[in-house]
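Survey of secondary and tertiary structure
These are the residues of each chain, in order.
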Amino acid sequence: MQRIDSREMLNELRHQSKQVVENSRCRILICAGTGCLAGGSGEIYDKMCELIAACPDVEVHFGPEIAHGDGPMEVKKSGCHGFCEMGPLMRIEPMGILYTKVSVDDCEEIFESTIKKGELISRLLYKQNGVEYQKQEEIPFYKKQTRLVLENCGHIDAEHIDDALAHDGYQALAKALHEMTPEEVVEQIYESNLRGRGGGGFQTGYKWKQVARQPEKIRYVVCNGDEGDPGAFMDRSIMEGDPHKMIEGMAIAAYAVGAQEGYIYVRAEYPLAINRLKKAIADAMECGLLGDNIMGTDFSFKLHINRGAGAFVCGEGSALTASIEGNRGMPRVKPPRTVEQGLFDKPTVLNNVETYANVPMIVLKGAEWFKGIGPENSPGTKAFALTGSVKNTGLIEVPMGTTLREVIFDIGGGIKNDGEFKAVQIGGPSGGCLMTPHLDINLDFDSLKKMGAMIGSGGLVVMDTNTCMVEVARFFMNFTQNESCGKCVPCREGTKRMLEILERIVAGKGELADLDLLEELAETITETALCGLGKSAALPVMSTLKLFRDEYIEHVVDKKCKSHTCTAMRNYIINPDLCKGCSKCARNCPVSAITGQIKEPFTIDQAKCIKCGACQGNCAFGAIYVE
Amino acid sequence: MKYITINNRKVPFEDEKNLLSVIRKAGIDLPTFCYHSELSTYGACRMCVVEDDRGRVFASCSETPRDGMVIYTNTPKLQHHRKLILELLLASHCRDCTTCRENGVCTLQKLARQLGVDDVRFQNTKEQLPKDTSSNCIVIDPNKCILCGDCVRTCEEIQGVGVLNFAHRGSNMRVTPAFGKPMSETDCVGCGQCRVVCPTGAITIKSNVHAVWDLVYDKTKRVVVQIAPAVRVAIGDKFGIP
Ligand SMILES: Cc1cc2nc3c(=O)[nH]c(=O)nc-3n(C[C@H](O)[C@H](O)[C@H](O)COP(=O)(O)O)c2cc1C
Ligand code: SF4
Ligand code: SF4
Ligand code: FES
């Protein structure tokens, strides 16, 4: 790769890379995100490469209305497309076809029919409500989204810098370095009102201003790629799918605040993201987009990757910097704040992956453009990880202020198995729940905060009526309790006690007084804990207690779990009208709790039953039900 | 002159490092476990919480004093928080007070009495760990440790030895030498400063009194006494001399 030592040269390379893309007869982008790789997309990639290598000059026929170049065919590994539910995914350009649930066995047919003859393979196309979608852009899941940060994810080869350059990579950095002073860059980000996507929603420009103002001249920019929320994978997808966008954002931040070095903190459980970032940094170093005298200017910036051991608390700013320094990942008291004395006690800009990925667009298109998207107080878009009982799960990006209804029913396609919507848990272990009356709430920092929920890093877990809210609260409390660093008393001891109480309740041993005790503990933990983990640890419990108190009461008073989720409270009953007396259930019961006479209805001794459900699974007549 | 209004009283201050120092200078006794003016501020016990005029609750040991601040140190809300925090500490604490060497001088015991914790609603479900009696002078009983970190910081910051640190996380966190080694295999110099700062009976000085009596009465022995630094510290500790 040539060294880029001027803006002209960057443009020249962009032009060349664009030409390669445009001239290509056909580009096949195979999703190589973590989800699709697990589904076998690596083999699909190999197979397609093999097929194309065997006849590189194959003629393509896509029909008259689709223009294509006549350069070589390309097979690329892209980052996550977001539609993980339907993976492994394959996108074929220039038509823009999206094939879903592709397997290695489909490759030959794809090559023979679609690529050679332009014929579509119906079984691989996405269908919803009887409609078949040929183009990726037309699928409702994508159509209702506004993909800006994720624009390139799934559309470019994440492992080669040329593809990033062809898609305007590093153009914003070039603009900042050549047309703007550092102060102007800070001012532009400040003007855009970009708010941190890591959960807090703190104004990014304000943070940069504070760092730029410090007397100390050695400064750092740090990227928070810890992404500890269970179920969240927005940051991972950006790091895997478009690493250069985030790196460019960090370089711009470094230029703006006068930093010389940067660190990316990624959890070690993201090996693919780490490898892609390593490759991206090495490529950018090699062609002079990182390192000394970037693009021939006197701005120099070095970037390091730091792997974290995957502790949720290490996402907290001061724990993260402590961890990079090689110390125990434990939050410290503030002041001093990270902007004054962060990493190695130097002024530090700490931003989230998605926050950095927003920066290049703002620099290129301006603050006014950015403010035009979403509400005034929370402009821009937000990526969410949509999971749970919704038809289309995956990674989505919508303008801030989009309603929950649009996200769940339009993009998500509604509730799985045509079930009934019950609640959505937003913001992960530090977030709260929202119910049907809240469906028209706008998803932005302030609206959610008012409702006792929070955007957090963007996890959205949709729940249907088969979900037990007490169990949901127990699940999140178990997570936070495990992840508490142990430093301060309310969080260390308080979450342990809250978890014990919740465990008691789901085991059918709770009492009414336990609900008061939960609230009492929640209040003290929230008000007195040292860091954000403890301060928000009780939110899932408090919000479910508020919205679904009847469910809690049912658990502690009636010892019943309506959704039959809490095993301890299930009663397996044999319906005498359906039971044929075959004794199969009795033979399969591990504790011999079932007795009866052959050809007569059998019965279950509730005192002996350990609620394992083996009988129900074994009854050929569906005679066993749960109460 | 800069002032902070504490419990409706105007208190002047100059360059105090933190709000807690201003409060104490005003003669108000705010309970703490993890604050020592000569150590770095750790902020873990949360006993030093105060409330401001907007109802915001925060730890005073780690708050910069600002002119015009209005704070309260003993509102019902704060009393409740402190009492619950103490209850939580006691719930996971070995409560064999009668046989504890620190009985009567233990800060945890003293505060629990002072703040009226007369009932603990939680079982001690913590894993009970063995005492480390390997060292000739320092005995560590992890079941009495409240993880205030005072010993860790004293050993590191004041003595410059750095024998003790934290291991594990959440409710499994404990204070131990690196790699869980016994104290006898560390560089501990036996200065006993960790005992001085420990607010509970988690760190005590090994008693050789019975062995000495035996030797004193051993007719075949000539007894010469030499006193280790830790012993002097233990005596000083009893008289409040650091
Ligand atoms: C317990 C805890 C975990 C956090 N985890 C993350 C995380 O995984 N990723 C992240 O970007 N921010 C996380 N944060 C927020 C960070 O502390 C910090 O506010 C954020 O990285 C700042 O970047 P932003 O302004 O761009 O959002 C966490 C905060 C807390 C208290
Ligand atoms: S709130 Fe929890 S995670 Fe944060 S410092 Fe306290 S113990 Fe550690
Ligand atoms: S041993 Fe004592 S001083 Fe050390 S952390 Fe435990 S309670 Fe605090
Ligand atoms: S003295 Fe402030 S938290 Fe311990």
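See the structure above.
Residues numbered from 1 in each chain as written. Chains lettered and ligands numbered in written order. Predicted model: local features only at pLDDT ≥ 70, side-chain atom pairs only at ≥ 80, totals over all residues. Heavy atoms only, no water.

1. Concerning the overall build of chain A
The cut-off we apply is this: Helix and strand labels come from DSSP, where a helix needs a run of H or I of at least four residues and a strand needs a run of E of at least two; each type is numbered from the N terminus. Radius of gyration: C-alpha atoms only; globule rule: 2.2 Å multiplied by the number of residues to the exponent 0.38. Exposure classes here rest on a 1.4 Å probe applied to the protein chains alone. A residue is buried below 20% of its type maximum, exposed above 50%, and partly exposed in between. Note on definitions: a residue-residue contact is assigned when non-hydrogen atoms from the two residues lie within 4.5 Å. Under the convention used here, a 1.4 Å probe and the Shrake-Rupley method define accessible areas, while residue burial counts only the protein chains that appear. Only four residue types enter the tally: Lys and Arg on the positive side, Asp and Glu on the negative side, with His and both chain ends excluded. To locate a charge, take NZ of a lysine, CZ of an arginine, CG of an aspartate or CD of a glutamate.
Looking only at helices and strands, chain A has 25 helices and 19 strands in total. In summary, chain A has a C-alpha radius of gyration of 27 Å against a globular reference of 25 Å for 627 residues, a match within 12%. Taking the principal axes of the C-alpha coordinates as reference, chain A spans close to 90 × 65 × 40 Å. The buried share among the 627 residues of chain A stands at 61%. Counting only contacts in chain A whose residues sit at least 6 apart along the sequence, the fraction spanning at least 24 positions is 72%. Of the roughly 23700 Å² of accessible surface on chain A, a fraction of 49% belongs to carbon and sulfur atoms. If the 69 positive side-chain charges of chain A are averaged to one point and the 84 negative ones to another, these points end up 5 Å apart.

2. So, the pairing of strand β2 (residues 9-13) of chain B
Look at any regular strand and the pattern is simple: side chains alternate between the two faces of the sheet. Residues and elements named next belong to chain B. Rule in force here: Pairing between strands is defined by DSSP: at least two bridges between the two strands are required.
In this sheet, β2 lies alongside strand β1 (residues 2-6) in antiparallel orientation, the contact comprising five bridges. Paired with Y3 across the strands is P12, a residue of β2. Between β1 and β2, which follow one another and run antiparallel, lie two residues, and N7 among them has a positive phi close to 50°.

3. A short note on the site of ligand 2
Selection rule: Summary of the distance rule: residues count as near a molecule or strand when at least one heavy atom falls within 4 Å of that molecule or strand. Just so you know the grouping, Ala, Val, Leu, Ile, Met, Phe, Trp, Tyr, Cys and Pro go in nonpolar, Asp, Glu, Lys and Arg go in charged, and all remaining residues, Gly too, go in polar.
The environment of ligand 2 is formed by 13 residues, the closest being C485, K487, C488, C491 and C531 of chain A. The class makeup of the residues in the shell around ligand 2 is nine nonpolar, three polar and one charged.

4. Brief notes about the pattern of salt bridges
Residue and element names in this part refer to chain A. Spelled out, the test is: We define a salt bridge as a side-chain nitrogen of Lys or Arg found within 4 Å of a carboxyl oxygen belonging to Asp or Glu.
All chains considered together, the criterion is met by 52 salt bridges over all chains. A salt bridge links D168 to K18; its shortest N-O distance comes to 3.6 Å. One end of the pair, D168, is in the loop between α6 (161-166) and α7 (171-179); the other, K18, is in helix α1 (residues 7-23), with 150 residues separating them in the sequence. Residue D168 is classed as partly exposed on the basis of its relative accessible area of 31%.

5. Here we look at the site of ligand 3
In the vicinity of ligand 3 lie 13 residues, with C145, C148, G149, C151 and C198 of chain B positioned nearest. Looking at side-chain class alone, the shell around ligand 3 contains 10 nonpolar, two polar and one charged residues.

6. Comments concerning the interface of chain B and chain A
Cut-off, in case you're wondering: Take the accessible area each of two parts loses on contact, using a 1.4 Å probe, and add the two losses: that sum is the buried area. In protein, a polar contact requires one atom able to donate a hydrogen and another able to accept it; more generally it is a pair of N or O atoms within 3.5 Å, and residues adjacent in sequence count only if both atoms are side-chain atoms.
Facing 34 residues of chain B, the contacting portion of chain A comprises 31 residues. Here chain B and chain A share an interface that buries about 2800 Å² over both sides, 55% of which is from carbon and sulfur atoms. A per-residue breakdown of the area chain B buries against chain A is headed by R46, L88 and R169 of chain B, which together make up 20% of the total. Counting across the chain B and chain A interface gives three salt bridges. For the salt bridge of E483 of chain A with R169 of chain B, the shortest nitrogen-to-oxygen distance reads 3.2 Å. In this assembly, chain B and chain A are joined by 21 residue pairs in polar contact (both at pLDDT 80 or more). Those elements that provide at least two residues to the side of chain B that touches chain A are α2 (76-91) and β7 (164-167) of chain B. The greatest single-element share of the side of chain B that touches chain A, amounting to eight residues, is contributed by α2 of chain B. Of the residues in the side of chain B that touches chain A, the class split is 16 nonpolar, 13 polar and five charged.

7. Re the packing of helix α11 (residues 243-257) of chain A against helix α12 (residues 271-286) of chain A
Packed helix pairs are specified by the crossing angle of their axes together with the interaxial distance, meaning the distance between the axes. Residue and element names in this part refer to chain A. Selection rule: Angles run from 0 to 180 degrees between N-to-C directions of axes, and those axes are lines fitted to C-alpha atoms, restricted for helices to the stretch in contact. Any angle between 65 and 115 degrees counts as roughly perpendicular, while under 35 counts as roughly parallel, over 145 as roughly antiparallel, and the rest as oblique. By the definition used in this description, the sense in which the near helix is turned from the far one sets the handedness, with an anticlockwise turn below a right angle giving left-handed and a clockwise turn giving right-handed.
Where α11 meets α12, the axes come as close as 9 Å, and the angle between the chain directions of the two elements is 60°. Our classification of the angle between α11 and α12 gives oblique. Here α11 and α12 pass one another in a crossing that is right-handed. On α12, the residues that touch P243, H244, M246 and I247 of α11 are R276, L277, A280 and I281. A breakdown of the residues in the contact of α11 with α12 according to their chemical character gives six nonpolar, one polar and one charged.

8. Some remarks on the nonpolar core
Our working rule: Remark: nonpolar core denotes a set of buried residues (Ala, Val, Leu, Ile, Met, Phe, Trp, Tyr, Cys) joined through side-chain atoms within 4.5 Å.
Within the largest apolar cluster, 72 residues are counted, with the highest numbers of intra-cluster contacts made by W208, V221, L289 and F301 of chain A. Once you skip the residues sitting within four places of it in the chain, L289 of chain A turns out to touch I4, L10, I161, L165, Y170, L173, A284, I294 and M295 of chain A.

9. A word on unusual backbone geometry
Residue and element names in this part refer to chain A. Looking along the chain, the bond that leaves G87 and enters P88 is cis, with omega of -10°. Within the secondary structure layout, P88 lies in the loop between β2 (74-78) and β3 (90-93). Here E93 and P94 are connected by a cis peptide whose omega angle stands at 10°. Non-glycine residue N129 carries a positive phi angle of around 50°. Positionally, N129 belongs in the loop between β5 (126-128) and β6 (131-133). One non-glycine residue, N293, lies in the positive phi region at around 45°. Locating N293 in the fold gives a position in the loop between α12 and β9 (302-308).

10. Let's talk about the packing of aromatic side chains
The criterion, for reference: By convention, a stacked pair of Phe, Tyr or Trp rings (six-membered ring in the case of Trp) has centres within 6.5 Å and planes under 30 degrees apart, an edge-to-face pair has planes over 60 apart, and any other such pair is tilted. Only when the NZ of Lys or the CZ of Arg is both within 6 Å of the ring centre and within 35 degrees of the ring normal is a charge said to sit over the ring.
Considering all chains together, one arrives at 17 aromatic pairs over all chains under this definition. Summarising the aromatic geometry, the rings of F202 of chain A and Y206 of chain A are spaced 6.0 Å apart at their centres and angled 55° between planes, so their arrangement reads as tilted. Between F475 of chain A and F476 of chain A, the ring centres sit 5.2 Å apart and the planes meet at 80°, which makes this aromatic pair edge-to-face. Judged by its relative accessible area of 41%, F475 of chain A is partly exposed. Given a relative accessible area of 6%, F476 of chain A falls into the buried group. By way of ring pairs, the aromatic residues F83, Y126, Y133, F141 and Y142 of chain A are connected into one cluster. Above the face of the F621 of chain A ring, K580 of chain A is positioned so that its terminal group lies 5.5 Å from the ring centre. It is K10 of chain B that lies over the ring of Y3 of chain B; its NZ or CZ is 4.7 Å from the centre.

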